[in-house]
Structure formats: structure tokens, C-alpha cells
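Residue-level listing of the chains:
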Amino acid sequence: MDPERDAGVDPASGEPVHCWNLDDFEALEFDPFLHDRLRDKRATRIRLPFGQGTAWLMARYADVKAATTDPRFSRSELVGRTITASSPHAIASQQASMNYADPPRLNDMRRVVARAFTGKSMQKLRPTVQHTADQLLDEMERHGSPADLVEHLHGPFPLAAVADLLGMPQDMRQDMTSWANVIMTPGPAPDKSTDALKTVRECVVALLAMRREKQSDDLAGVLAGAADAGEITEPEAVSIATAILVSGAHAVRNNSANMVYALLTHPEHHERLRREPEMIPQAVDELLRFIPHRSGVGLPRIATRDVDIAGVTVKAGDTVYSSYLAANRDPEVFPNPDTLDFDRGPIAHMAFGNGPHHCVGSMLARMESEIIITTLIERYPRLALAVPPEQLEWQAGALIRGPKTLPVTW
């Protein structure tokens, strides 16, 4: 791949433009374009496959941290703009969405959501989520070895966990995982992605209506109650629930499968966790840092004023992307960053983002990952890939990377 083959010059800044094509990569291969950007001493001007114009890319840890916490960079200013982008259309709703909100309105929405994401609520949810994992693996055993972990565990498990958090009835969950996957793979079929998102939003509207008839302390109940109390609007409640449902079902599906693949292709790490299961929470954090869990970058921000940052002057109105993947591989913060190392200790990785838009579901995602790894290690001490790693097929054109299948024996 030559990500700079179409490089030109940005007429406004005079900076060279790097065309970042977001090619698909297999397994856990790290994008060489981002490796190159970490060697740069300043921000880079980029053009992505969709939309118009150019943008600044922040890659180094310090620059990403600065750009994602500076209030002069706004998400709300994205609404209605045409920018260079990773997908042909916006995945999240631009209206009434946390993704496109800035403080203080963003803080209001996050405070509501936080009521369902407390340590106490996660502790209460954990036995239910563990029971789901056990049931799914019981069914996999009935199927027999070899079996596909994506089909039997990584696909249905994250949806069940986030649906339990929301309080979604079983009959509403049918096909939800496949809809989430279509929504998060917009490039090849944007019309299908839009239709799937509409279907999921309709389910969420129906769920919130149910919670108004029968109150509960699950996330849907919290959102419905907050909307009725005027803390958030009804469109905000729908948007928040939809985003958490879709990202929870799709992102954890792929990230957890990536984690298990990483362990099965790093047998010394896998064996160590069998010997020292108390290390699993620490190992999950290192896996989150190490795994290139997405393709490209997420949502950018718009500069509302001129800002001197990362060795450049970002002009008011410029688009600014921040790569959490690159920040997690910055050698100035993580020595030997391309090595999976469970002895790093507590690490301030950015797998869940940074600043005001740090992922609200990070506590749930961590819990799911710990349950998956712990349960697999306890139940299957001889778990192994059923095929050579190079024979696995990986997601193509998806915003979140991961294996299509993960056949294993035990």
C-alpha cells in the first residue's frame, strides 16, 4: 500500500496532503500510515476516501490528548458540514446526539446516562451477563468441536449484555446484531446501513414507550424518565439508546474476538493468564491498547478559533481528526509499543477515547471482555485455533476491525 500516492498540496495552508485510503488490513496488522505519522514531529494534512476537503490529523499521544480536551475544537460545529470522512454518510444522527454535542449540553446528557453505568449497576448486571456467556458456551459444546466463536459467543454475547442493560425484551432482540453490523459497515452498502439504522431506532422508540408504561431502573427506564422530566429531549433519549445499542453490539463483538485471537496467536501470553488469572483485568487493558480495533479514525472536531497545536496553526473552521490508535502506539508513552506486554502495569490508553467524549460504555465493555477471557480460560485450557491464522477471513469495509469467523477447538 502507498497511502501517499495521490499526495498534493492544500491550497489554504500550503501543507502537503496525504491521501489516506483506509485500506483493509488482516488480523492485527497496524496501519503503516499511522506508524509514519508517529514519526512526524507535527500534525499532518490528510484527505479521506469520502466527502470533500482536507483535515488535520493528530497522531502523537500528547497532541491527541490536547486536541480532544481543548474546548476550541467543537463536535457540534460538524452538523451540516461536508468534510473529508471515513464513510459516505454519518453513522450517528447529527441531531440530538451525544456524538455531535459539546459541553455543557454534552455534560447534561452524560450525567443522565451515567445513572445506568455505575459500579453498583455493573455489579448487579454481572451475574446475568456471566449466565449468558455460560449458556452460549453450553450451546457451543452441544454443537461440538470445532466451532466458530464469533457465531456462538462474540456475536450474541455483546448484544445480550447491552440489551440487558437497556432492559430490552427478548422478542425485540431478533436480528439486532446483524443490523448493527450493517450500520457499522456503511461503505459497500450505504442504503442498507441507513435502513438498518431506521429499524433499530424504531425498536428503541417502542422500548422507551414501554418503559413509560412500566417504569424500571434499566437504561431505557432512566432515559425515558429523564426525557419526561425535561432533563433531555425525547430525540436525545432515542439517539443515546440507539448509539449505545449499536456500538455495544458491534464494537464489543469485534474487539472481544480480536482479543481472543491475540491470545491464541500469542501462546505465551495465553498460558500466563491460565497460570495467573488475577492478571486478566490488567491484560484486558493492554489488549485494548495493543489491538487496532478500528479502521481509520472516528468523528473529527471543527476549530472554532485559530489554535497553535502539534507544531502547526489550525485555522478557525479547519477539520481536526485525532487517532486514538496512533496515540496508543506512541513510543514516547509506551516503550516498545508494537509488543503485547502484560507487565506494563496501569496504562492510560485511549481505546475508549479521551476527554468529554470518552466512551460512556467503557465499564460495560471492560466487564464483558473480562468475562469472555476468564470463562474461556477456565472452561477450555486447551483452546486453540482450528485453522492456521492466515486462513481466517476478516471484516472488509467495516469501521470496526475483526474476524468474520474464529473457528476453535478445545
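Cut-offs applied
- Residues numbered from 1 in each chain as written.
- Predicted model: local features only at pLDDT ≥ 70, side-chain atom pairs only at ≥ 80, totals over all residues.
- Heavy atoms only, no water.
- Core = buried A, V, L, I, M, F, W, Y, C linked by side-chain atoms within 4.5 Å.
- Buried < 20%, exposed > 50% of the residue type's maximum accessible area, 1.4 Å probe, protein only.
- Helix = DSSP H or I, 4+ residues; strand = E, 2+ residues; numbered from the N terminus.
- Contact = heavy atoms within 4.5 Å.
- Polar contact = N/O pair within 3.5 Å; in protein donor to acceptor, adjacent residues only side chain to side chain.
- Pairing = 2+ DSSP bridges.
- Right-handed = clockwise from strand over helix to strand, strands pointing away.
- Axes fitted to C-alpha atoms, helices over the stretch in contact; angles between N-to-C directions.
- pLDDT = per-residue confidence, 0-100.
- Arc of directions from axis to C-beta.
- Parallel < 35°, antiparallel > 145°, perpendicular 65-115°, else oblique.
- Left-handed = near helix turned anticlockwise from the far one by under 90°.
- Nonpolar A, V, L, I, M, F, W, Y, C, P; charged D, E, K, R; others polar.

## Re the nonpolar core
Thought 1: Counting residues in hydrophobic clusters, the biggest one holds 86 residues, and the most contacted among them are Leu149, Leu223, Ile232, Leu273, Ile373 and Leu376.
Thought 2: Broken down by element, the residue count for this core peaks at 16 residues, all from helix H10 (residues 234-264).
Thought 3: Those residues in contact with Leu149, other than ones at most four positions away along the chain, are Leu137, Met140, His154, Val260, Leu376, Leu406 and Val408.
Thought 4: Core analysis: the second largest hydrophobic core is formed by 20 residues, Phe33, Leu57, Ala59 and Ile83 among them.

## Side note on the side chain of Asp318
Thought 1: With respect to the helices, strands and loops of the structure, Asp318 is situated in the loop between strand E9 (312-314) and strand E10 (319-322).
Thought 2: Here the side chain of Asp318 touches Trp56 through a polar contact of 3.1 Å, side chain to side chain.
Thought 3: If near-sequence neighbours (up to four positions away) are discounted, Asp318 is found in contact with Arg45, Trp56, Arg301, Ile302 and Ala303.

## A few points about the pairing of strand E2 (residues 16-19)
Thought 1: Two elements, strand E1 (residues 8-9) and E2, share 2 bridges in a ladder whose sense is antiparallel. Of the residues in E2, the one forming a bridge with Val9 is Pro16.
Thought 2: The turn linking E1 back onto E2 is made up of 6 residues, and Gly14 within it adopts a positive phi angle of 75 degrees.
Thought 3: Remark: the E2/helix H1 (residues 32-39)/strand E3 (residues 44-47) crossover connection has right-handed handedness.

## A look at the sheet that holds E3
Thought 1: Strand order in the open sheet formed by 7 strands is E1-E2-E3-E4-E10-E7-E5, and the pairing between neighbours is mixed. Only two strands of the sheet have a single neighbouring strand rather than two, namely E1 and strand E5 (73-74).
Thought 2: The sheet strands contacting H1 are E2, E3 and strand E4 (55-58), and the helix crosses E4 at an angle near 80 degrees.
Thought 3: Where helix H2 (residues 61-69) meets the sheet, its contacts fall on E4, E5, strand E7 (301-303) and E10, and the angle it forms with E10 comes to roughly 125 degrees.

## Here's the deal with the confidence of the model for the protein
Thought 1: Summing up the model confidence of the protein, the mean pLDDT is 90 and the portion of residues at 70 or higher is 92%.
Thought 2: The low-confidence segment residues 1-5, where pLDDT is below 50, has 15 contacts with residues more than four positions distant or belonging to other chains.

## Looking at H1
Thought 1: Along H1, the positions that sit buried rather than exposed are Phe33, Leu34, Arg37 and Leu38. Along the long axis of H1, the arc covered by the buried residues comes to 145 degrees, so they all point the same way.
Thought 2: The backbone nitrogen of Phe33 has a side-chain oxygen 2.9 Å away, supplied by the residue at the start of H1, namely Asp31.

## A closer look at the packing of helix H9 (residues 219-228) against H10
Thought 1: Two numbers describe how H9 lies on H10: the axes approach to 8 Å, and their chain directions differ by 160 degrees. The orientation of H9 relative to H10 falls into the category roughly antiparallel. For the pair H9 and H10, the sense of crossing is right-handed. Contacts between H9 and H10 involve Leu219, Leu223 and Ala227 on the former and, on the latter, Glu234, Ala237, Ile240, Ala241 and Ile244.
Thought 2: Among the residues forming the contact of H9 with H10, the class breakdown is 7 nonpolar, no polar and 1 charged.

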